[in-house]
Amino acid sequence: MASNLSFVLNKPNDVTFEERPVPKLQHPHDVLVAVNYTGICGSDVHYWLHGAIGHFVVKDPMVLGHESAGTVVEVGSAVKTLKKGDRIALEPGYPCRRCSACLSGHYNLCPDMRFAATPPYDGTLTGFWVAPFDFCYKLPDNVSTQEGALIEPLAVAVHIVKQARIQPGQSVVIMGAGPVGLLCAAVARSFGATKVVSVDIIQSKLDFARSYAATHTYVSQRVSPEENARNLLAVADLPGGADAVIDASGAEPSIQTSLHAVRMGGTYVQGGMGKADINFPIMALCLKEVTARGSFRYGSGDYKLAIDLVAAGKVDVKALVNGVVPFKDAEQAFKKVKEGQVIKILIAGPNEKVEQSVDTSVDNEKLKQAQAVGSTGCC
Ligand SMILES: NC(=O)c1ccc[n+]([C@@H]2O[C@H](COP(=O)([O-])OP(=O)(O)OC[C@H]3O[C@@H](n4cnc5c(N)ncnc54)[C@H](O)[C@@H]3O)[C@@H](O)[C@H]2O)c1
Ligand SMILES: OC[C@H](O)C(O)[C@@H](O)CO
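One structure accompanies this document, and this report is about it. (Residues numbered from 1 in each chain as written. Chains lettered and ligands numbered in written order. Predicted model: local features only at pLDDT ≥ 70, side-chain atom pairs only at ≥ 80, totals over all residues. Heavy atoms only, no water.)

## Notes on the sheet that holds strand E2 (residues 14-19)
Line of reasoning, step 1. What the three strands build is an open sheet, ordered E2-E1-E6; its pairing is antiparallel. A single partner strand is all that each edge strand has here, and the edge strands are E2 and strand E6 (62-63).
Line of reasoning, step 2. In the sheet, strand E1 (residues 5-11) pairs with E6 via two bridges, with the strands oriented antiparallel. Across the sheet, residue Leu9 finds its bridge partner in E6, namely Met62. (Pairing = 2+ DSSP bridges. Helix = DSSP H or I, 4+ residues; strand = E, 2+ residues; numbered from the N terminus.)

Here it is, written out as structure tokens:
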């Protein structure tokens, strides 16, 4: 009998494995998916350590994880486009489909969203998962199931870069070189940006960013935001400012620097989730007529584009994966993410055979580059 072992957060710093019943299809349009691989997001680590993100508070035990890919094992009677054995990337949030946000095409803004591993909803670090078929994206033959687990953070980056309205030949500064910032850099390059400046406070992260997708890098200094902006623009030879600046750090100094680094009439996108309230240079926003946009999760077309970018070889998600661990090592994997020892680590599903563990599969050079003290910048 296949296991539906699940990785459950009981309360901060208290996780257990629990055998839960295999879920059943609820609707003719549902599919049952065997979860093969799951990545760890900063928000999972944040719930694990603190039990809450903003007003989302873990009150009852909750299964963690939402960056998953798997294999279809059963389809509902109304499902026409998927069949048993198809490998899929799992979109982990299900909107109501009826509210004004959903009907206007912005389902990521649905107030009744049921998002995996956002309380009170369980996540995907489990054996089997039921999802509506249209939130399961069939992976092409040239995209592995492990790459499929990276489609979720890539879709976050696709949405952020779409919000920045990047045009071919433009320049973009990206604050933060964690997984989201790195993927934003890769997506911006694929959209035709010719200058992509990655900014972080940790040199090793920037070394990786430069080898990955950034054309320029800058280590943020403990100076005023104006001076930081001047220095980073000098490094990238952008005297008039960048066409777009994306914050993928959530850090207040980075957000302040961003508004001074964007050009007159440029675009600023808030992707990072840090403190809820900060000091914000609103005069720079006004005087430069900056267009500022938020970016939350992903919406129509983002998952599809993310998969297309990987299939076309335009975004390399494999390069971010430091290793795969068996399900029983999920907590150790969380510790490695918390300690900044890895960029992405995948946890194999409980029914998946894994020969490697992260200690033997990590590319030592990549690990060295990614070594960092920083904890996750989430929320
Ligand atoms: N908008 C969304 O839907 C969405 C989805 C997922 C994640 N996020 C958020 O995006 C952010 C990035 O996610 P991640 O997984 O890459 O996190 P991460 O913690 O791995 O990366 C954040 C990076 O920012 C760097 N940083 C910290 N202070 C900085 C500063 N002053 N200037 C420049 N860089 C600085 C850190 O060193 C780190 O490399 C997080 O805040 C996360 O919560 C948002
Ligand atoms: O990628 C999706 C994000 O991690 C989630 O929105 C999380 O931060 C809150 O639920």
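## With respect to the pairing of E1
Line of reasoning, step 1. Bridge analysis of E1 against E2 gives six bridges, and the strand direction is antiparallel. Residue pairing across strands places Leu5 opposite Glu19, the latter belonging to E2.
Line of reasoning, step 2. What sits between E1 and E2 in their antiparallel hairpin is a turn of two residues, with Asn13 showing a positive phi close to 65 degrees.

## A word on the site of ligand 2
Line of reasoning, step 1. Residues in close proximity to ligand 2 include Cys41, Ser43, His66, Phe115, Thr118, Glu152, Val156, Phe296 and Arg297, which together make up its full environment.
Line of reasoning, step 2. A distance of 3.4 Å is found between an oxygen atom of ligand 2 and a side-chain nitrogen or oxygen belonging to Ser43.
Line of reasoning, step 3. For ligand 2, an oxygen atom lies 2.8 Å from a polar atom in the side chain of Arg297.
Line of reasoning, step 4. Protein chains shield 91% of the accessible area of ligand 2, which is 290 Å² for the free molecule.
Line of reasoning, step 5. Residues of the shell around ligand 2, tallied by class, amount to four nonpolar, three polar and two charged. (Near = heavy atom within 4 Å. Polar contact = N/O pair within 3.5 Å; in protein donor to acceptor, adjacent residues only side chain to side chain. Areas by Shrake-Rupley, 256 points an atom, 1.4 Å probe, with all protein chains shown as cover. Nonpolar A, V, L, I, M, F, W, Y, C, P; charged D, E, K, R; others polar.)

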